[in-house]
Amino acid sequence: QLLLEFSFWNEPLPRQGPNIYELRTYKLKPGTMIEWGNNWARAIKYRQENQEAVGGFFSQIGELYVVHHLWAYKDLQSREETRNAAWTKRGWDENVYYTVPLIRTMESRIMIPLKISPLQ
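Residues numbered from 1 in each chain as written. Predicted model: local features only at pLDDT ≥ 70, side-chain atom pairs only at ≥ 80, totals over all residues. Heavy atoms only, no water.

Novice: Would you take a moment to explain the overall build of the protein chain for this structure?
Specialist: Along the protein chain, the regular secondary structure elements total three helices and five strands. Put simply, the protein chain runs from its N terminus to its C terminus through helices and strands in the order β-β-α-β-β-α-α-β. Along the longest, intermediate and shortest principal axes, the C-alpha atoms of the protein chain span 40 × 35 × 25 Å. In the protein chain, which comprises 120 residues, the share counted as buried stands at 41%. For the protein chain, the proportion of contacts with a sequence separation of at least 24, taken over those separated by at least 6, is 84%. Working note: accessible area of the protein chain is about 7500 Å², and carbon and sulfur atoms make up 56% of it. (Helix = DSSP H or I, 4+ residues; strand = E, 2+ residues; numbered from the N terminus. Buried < 20%, exposed > 50% of the residue type's maximum accessible area, 1.4 Å probe, protein only. Contact = heavy atoms within 4.5 Å. Areas by Shrake-Rupley, 256 points an atom, 1.4 Å probe, with all protein chains shown as cover.)

As C-alpha cells, then:
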C-alpha cells in the first residue's frame, strides 16, 4: 500500500519508551472516505489527552478505502484505561456512532518496537 497521512492527525514523531503500539485497520465501504475523515477530524481531539495518537493514514495505491490508526500505550492496562476514558467524554460516542456504519471490516494488532525503531 501507498499511504497518505490524514491532515488532522499528528505526524509520527520519535517517542521515549517503553511503549506498545496498536495498529487498527479499518476497511471502509467504497465512497465513504470523506465522511470518515470528517468524523475523525472531530473525534481525534478526544484521544489526544495522553498523547496516544501516533498517526492516521489512508490508502492511495493498493487496496483502497483502507484506514490505519497507530496508537501508543505504556502497556495493555493503560490501553484499556485510555480507551475506556474516551467513552466518558461527551461527543466521543457520537463520533463512533457515525463512523461504525462506514466500516466493512476492522482489525487490531499489538506491536512491540524493535530497539532500532524511533518509536519506542
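Novice: Explain the UniProt feature "domain: NIPSNAP" (unreviewed entry) in the protein chain to me, please; I cannot follow it from the model alone.
Specialist: When the UniProt feature table is mapped onto this chain, "domain: NIPSNAP" (unreviewed entry) is found at residues 21-118. For residues 21-118, helix accounts for 32% and strand for 35%, while the C-alpha atoms at its two ends are 13 Å apart. (UniProt positions renumbered as here; feature names shortened; annotations may be inferred.)

Novice: Is there a simple way to think about the nonpolar core in this case?
Specialist: Ranked by internal contacts, the top residues of the largest apolar core, which has 20 residues, are F6, W9, L28, W36, W40, V67 and W71. Breaking this core down by element, the ones donating at least two residues are β2 (20-28), α1 (33-43), β3 (53-61) and β4 (66-73). Ranked by the residues each element gives to this core, the list is headed by α1, at four residues. In terms of nonpolar packing, the next biggest core, distinct from the first, is built from six residues, Y21, L23, V54 and L119 among them. (Core = buried A, V, L, I, M, F, W, Y, C linked by side-chain atoms within 4.5 Å.)

Novice: Any chance you could explain the environment of R79 here in plain terms?
Specialist: Summarising the element assignment, R79 is placed in helix α2 (residues 76-87). On a C-alpha basis, the gap between R79 and P14 in space is 19 Å, while along the polypeptide they are 65 residues apart. Among residues more than four places away in sequence, those in contact with R79 are E22, R24, Y73, S108 and I110.

Novice: Whenever I open this one, the sheet that holds strand β5 (residues 103-111) confuses me. Can you help?
Specialist: Adjacent strands of a sheet form backbone hydrogen bonds with each other and so pair up, either parallel or antiparallel. Read from one edge of the open sheet, five strands run β1-β3-β4-β2-β5, paired in antiparallel fashion. Strand pairing shows two members of the sheet lacking a second neighbour, β1 (2-5) and β5, which therefore form its edges. Neighbour-to-neighbour, the strand axes of the sheet open up by a mean angle of 25 degrees, direction not taken into account. Across eight bridges, the pairing between β2 and β5 is antiparallel. Directly across from K27, in β5, lies its bridge partner T105. Docked against the sheet, α1 engages β2, β3, β4 and β5, running at close to 25 degrees with respect to β4. Of the strands in this sheet, β2, β4 and β5 touch α2, which is tilted by about 50 degrees from β2. (Pairing = 2+ DSSP bridges. Axes fitted to C-alpha atoms, helices over the stretch in contact; angles between N-to-C directions.)

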